[in-house]
Amino acid sequence: MKLKTIKLYNFRQFYGETPEIQFATGQKNTTIIHGNNGAGKTTILNALTWVLYGTFTAAFANAQQLVNKRAVEEAIAGKFIEYYVEITFEHDYKSYQLKRRGYATKTQDNEAIEDGESQLFMLIAGDDGCWQPPLESPVDIIGRILPASLHQYFFFDGERIDHLIRYQKKTGLTEATKELLGIKIFERSVEHLKNARRRLEEELRQIGDVKTQNILNQKQQLEQELEEIQRRQADIDDQITNKQQQKEQLGEELLHLQEAENLQTVKNNLETNYQETRQQLIRLNQTVKKTISAQGYTVLMTELVERCSSLFNPLHQSKELPHGIKKPFVQKLLHQQRCICGTDLIAGTLPYQNVQNWMEQAAHTDVEEALIRLETQTQQIEKQAAQFWETIDDHQQQITALRDKLGDLEQELETVKQQLREYPDQKIKQLQQDLDATEKEVETLLLEKGRNEIQIKQKTTDLEKLSKQLNQEKNKEAKSQLVQNRRDATEQSIDCIKQLKANLESRFRAKLEKKVQQIFSAISFTPYQPKLNDHYELSLVDTTTGEEKEVAASTGENQILSLSLIGGIIDQVRHWSANHTLIAPDSSTFPMVMDSPFGSLDEVYRRQVAKALPSLANQLVVLVTKTQWRGEVEQEMNHFIDKQYILVYFSPKPDCEQDWLTIKGQSYPLVQASAHGFEYTEIIEVD
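Because the structure is a prediction, the values reported are computed rather than measured.

The rules behind the values
Residues numbered from 1 in each chain as written. Predicted model: local features only at pLDDT ≥ 70, side-chain atom pairs only at ≥ 80, totals over all residues. Heavy atoms only, no water. Helix = DSSP H or I, 4+ residues; strand = E, 2+ residues; numbered from the N terminus. Buried < 20%, exposed > 50% of the residue type's maximum accessible area, 1.4 Å probe, protein only. Contact = heavy atoms within 4.5 Å. Areas by Shrake-Rupley, 256 points an atom, 1.4 Å probe, with all protein chains shown as cover. Phe/Tyr/Trp six-rings, centres within 6.5 Å; stacked < 30°, edge-to-face > 60°. Lys NZ or Arg CZ within 6 Å of the ring centre and 35° of its normal. Pairing = 2+ DSSP bridges. pLDDT = per-residue confidence, 0-100. Core = buried A, V, L, I, M, F, W, Y, C linked by side-chain atoms within 4.5 Å. 1 Å grid on protein atoms, 1.4 Å probe; cavity = no way out; pocket = protein on both sides within 12 Å on 5 of 7 lines; lining within 4 Å. Points joined across faces, edges and corners; volume = space filled by probe spheres on them. Nonpolar A, V, L, I, M, F, W, Y, C, P; charged D, E, K, R; others polar. Expected span 1.5 Å × (residues − 1). Polar contact = N/O pair within 3.5 Å; in protein donor to acceptor, adjacent residues only side chain to side chain. Salt bridge = Lys/Arg side-chain N within 4 Å of Asp/Glu carboxyl O.

### Considerations on the overall build of the protein
For the protein, the helix and strand inventory stands at 18 helices and 19 strands. Counting the 687 residues in the protein, one finds 43% classified as buried. Of the contacts made within the protein by residues no fewer than 6 positions apart, 70% connect residues no fewer than 24 positions apart. Of the roughly 37800 Å² of accessible surface on the protein, a fraction of 47% belongs to carbon and sulfur atoms.

Written out as structure tokens, the structure reads:
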């Protein structure tokens, strides 16, 4: 998972819709968000956990009050007040938009009563640029990319990070680690199989009837709702068509303006090139899918081919496998009493005896032909498997090149658009602004269309379920023997999975411990060494005397120990998942979002941690106060920073003392007096 942007609306300190925070994603992988205590650093951290998982960190106060106070004050009593968090992220070369929305109702007493149920929406950008709803539940997709039980590893309060080690059992560290390794899937599989076994045993005793009294009414209601959504989809399609026509007209107007003609021509060429490249990428992806569908089976037969070859070779050497001599041919030679070389074959002579010996080596015709065919086919499968990988590798290289080209074209397009936006001629500038607005409207319509598609798919699925229920009343025959066979297979599967889990877990734990020790040693100046037990619980031991003695870790050492564990897990899972993608989370990149990570560390540890942090994760977001950013932290992290933002806190106090932060010689406000009498926070980007 690679975080791209976050936007908040009426969420806690943030009134209205905030500007997007764009997270660093390149070689300079670090984003710094500055803010005083109370400005909203913890809110941003928890906005990420809320939108992804609907949960909050332990230090997040009043988690039941999420709507902005100013929005409540300005609302009409009895009306709904919307608040949401929206993020975009990339994973496995796909772009995702995730939005969690909630509502509060203002009472006559000017209080806000929040609805406990939030709504979660997800859209995925396809290769054609259109946003579409996923085929699966957003919760399932997020759980596969970065499981909910693991968010404490990647989104955490730095001042409380030592609790990760202090209270390992209470924080569920062991279970979360197993989830990240993919080990947890084995335990869940065993539990599911046990439940299946219980159901099968119950099914052996009885098969119940299904009541269908309300099915037709439910089906009719669903059909009406579907028709209404589909009508709205048709309206959206019409609006998108109109907006596209507006874009073409605006583009033509720009092209006819002499001052903007060159820029617009360049932009048109870039857009054409961009669309052609996209189509190439779509066709290439389709080719890969067809290749996998048609030839992918060959790579799964490699082991079988090797086993067949190992059986054929000894048979050839021992002459048990026929060499093309057919029994009818040998019989004909003996009957004619003449060999193909012209020698007479008289019974009792040596030549006759030699030819007759071939009768024993010559197999039956059908068996011989079958064996020869089998050997030829296995050899062919081996060649096809090698050719399959060569083809897939070649296609993947082409896909990567096309993706890089798309990225370059996007950047060039944005540069040209920005030049048009900033053009001195007001008419040119206005036309480009109108184009931007039209494109934004199209995107909004596409998003709404995507959300509607989610509802259509869900309601269609519900209709199919209802239809199946109507047919189930006729299928009530006894299934005792089938159920018994399934139960036996379930028992065997449970034993197999348990053994596989134990083997994989042992191998991973040894590698993880070694990596944690390397990271801890690089940060800490103590001679102590971390040890990882069978439950993935860390302890600190002293080995200077030649014997391992557990030592009590200080708060600072526990923080470093926690960071070492997180860094070790990220590093090892990155390599582990590359070789175990069927069992481990499908991730090769991980973000790390830390709120106040330097609070209780002394100067030496602050420097060491600041130096190590950018290398622990693929993407780093650090939320800090002015005092935490001082001196050694800024010096060590400056080389890795690509994005910086300031949280400007507006205080309603009349005697508010203003505060400022200087970055690279430029001053930025941290605390300002509120002109509206409300407490709120604004986000500004560091130039």
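Past the structure itself, the notes keep going.
### Observations regarding the packing of aromatic side chains
Inspection of every chain in the model, using the stated rule, returns 8 aromatic pairs. Here phenylalanine 388 and tryptophan 389 contribute two aromatic rings whose centre-to-centre distance is 5.3 Å and whose plane-to-plane angle is 65°, an arrangement assigned as edge-to-face. With 4.8 Å between their ring centres and 10° between their planes, phenylalanine 650 and tyrosine 680 make a pair best called stacked. Of this pair, phenylalanine 650 sits in strand β16 (residues 641-651) while tyrosine 680 sits in strand β19 (residues 680-685), placing them 30 residues apart in sequence. Take phenylalanine 650 and tyrosine 680: they sit in the same class, and that class is buried. Counting every residue linked through ring pairs, the aromatic cluster contains Phe11, Trp50 and Tyr83. Here the basic side chain of arginine 70 rests over the ring of tyrosine 15, its NZ or CZ set 4.0 Å away from the ring centre.

### As for the sheet that holds strand β12 (residues 538-542)
Pairing within the open sheet is antiparallel, and its 3 strands lie in the order β11-β12-β13. Edge positions in the open sheet fall to β11 (529-532) and β13 (549-550), since each of these has one partner strand only. Pairing analysis gives 2 bridges linking β12 to β13, with the strands arranged antiparallel. Within β13, the residue paired with valine 541 across the bridge is glutamate 550.

### With respect to the confidence of the model for the protein
On average, residues of the protein carry a pLDDT of 80, and 83% of them reach 70 or more. Per-element confidence in the protein is highest for strand β1 (residues 2-11), whose mean pLDDT is 95, and lowest for helix α6 (residues 173-181), whose mean pLDDT is 61. For the stretch residues 207-213, pLDDT sits under 50, and the model shows 10 contacts to residues farther than four places along the chain or on other chains. Contacts for the low-pLDDT stretch residues 581-587, under 50 throughout, to residues beyond four places or in other chains number 23 contacts.

### Quick notes on unusual backbone geometry
The backbone of asparagine 10 shows a phi angle near 50°, a positive value even though the residue is not glycine. With respect to the helices and strands, asparagine 10 occurs in strand β1. Phi at asparagine 62 takes a positive value of approximately 50°, unusual for a residue other than glycine. Along the chain, asparagine 62 falls in the loop between α1 (41-53) and α2 (69-74).

### Looking at the nonpolar core
Ranked by size, the top nonpolar core spans 106 residues in total, and within it Phe155 and Met592 carry the most contacts. Discounting chain neighbours no more than four positions away, the residues touching methionine 592 are Phe154, Phe156, Ile566, Ile570, Leu613, Leu616, Ala617, Gln619, Leu620 and Val621. Membership of the second largest hydrophobic core comes to 22 residues, among which are Leu284, Ile392, Val416 and Leu435.

### As for the environment of threonine 105
Tracing the sequence through the fold places threonine 105 in strand β6 (residues 94-106). With near-sequence residues (within four places) excluded, threonine 105 lies in contact with Gly78, Lys79, Phe80, Glu111, Ala112 and Ile113.

### Things to note about the layout of surface pockets
Counted as a void, the second largest pocket has a volume near 510 Å³. What lines the second largest pocket is a set of 20 residues, among which Arg12, Gln65, Val67, Asn68 and Lys69 lie closest to the centre. Broken down by secondary-structure element, the contributors of at least two residues to the lining of the second largest pocket are α2 and β7 (112-114). When residues of the lining of the second largest pocket are assigned to their parent elements, the largest contribution, 4 residues, is made by α2. Across the lining of the second largest pocket, the residue classes break down as 6 nonpolar, 7 polar and 7 charged.

### Digging into helix α17 (residues 603-616)
Between its first and last C-alpha, α17 extends 20 Å over 14 residues, near the 20 Å set by a 1.5 Å rise per residue. Along α17, the positions that sit buried rather than exposed are Tyr605, Arg606, Val609, Ala610, Ala612, Leu613, Pro614 and Leu616.

### Observations concerning the pairing of strand β17 (residues 659-663)
Residues of β17 alternate between two faces, with Asp659, Leu661 and Ile663 buried on one and Trp660 and Thr662 left unburied on the opposite face. Inspection of the sheet shows β17 paired to strand β18 (residues 666-673) by 5 bridges, in the antiparallel sense. Counted as the bridge partner of tryptophan 660 is proline 669 from β18. Between β17 and β18, which follow one another and run antiparallel, lie 2 residues, and lysine 664 among them has a positive phi close to 50°.

### So, the side chain of threonine 526
As for its position among the elements, threonine 526 is in the loop between α15 (480-523) and β11. Within the local environment of threonine 526, its side chain forms a polar contact with the side chain of serine 524, the two groups lying 2.8 Å apart. Other than its neighbours up to four places away in sequence, threonine 526 contacts Phe520, Glu557 and Tyr605.

### Observations regarding the pairing of strand β8 (residues 119-125)
Two elements, β6 and β8, share 7 bridges in a ladder whose sense is antiparallel. Residue serine 95 lies in a different strand from β8, and its bridge partner there is alanine 125. Counted between consecutive antiparallel strands, the loop separating β8 from strand β9 (residues 131-132) contains 5 residues, among which glycine 129 sits at a positive phi close to 90°.

### What to know about the pattern of salt bridges
A complete count under the given rule lists 19 salt bridges for this structure. Note that lysine 7 is salt-bridged to glutamate 86, the shortest N-O span being 3.8 Å. Pair noted here: lysine 7 is in strand β1 and glutamate 86 is in strand β5 (residues 80-91), with a separation of 79 residues, a long-range link. Neither residue differs from the other here; lysine 7 and glutamate 86 are each classed as buried. Measuring nitrogen to oxygen at the nearest pair gives 2.5 Å for the salt bridge that ties arginine 421 to aspartate 436. Pair noted here: arginine 421 is in helix α13 (residues 365-421) and aspartate 436 is in helix α14 (residues 426-471), with a separation of 15 residues, a long-range link. One network of salt bridges, in which partners are shared, links Lys7, Glu17 and Glu86.

### Considerations on the environment of alanine 675
Here alanine 675 is to be found in the loop between β18 and β19. Along the sequence, alanine 675 and serine 651 sit 24 residues apart, while their C-alpha atoms lie 8.9 Å from each other.

### Re α1
The end-to-end C-alpha distance of α1 is 19 Å, a good match for the 18 Å that 13 residues give at a rise of 1.5 Å each. With respect to burial, α1 is a largely interior element, 12 of its 13 residues being buried. Every buried residue belonging to α1 is among Lys41, Thr43, Ile44, Leu45, Asn46, Ala47, Leu48, Thr49, Trp50, Val51, Leu52 and Tyr53, and all of these are buried.

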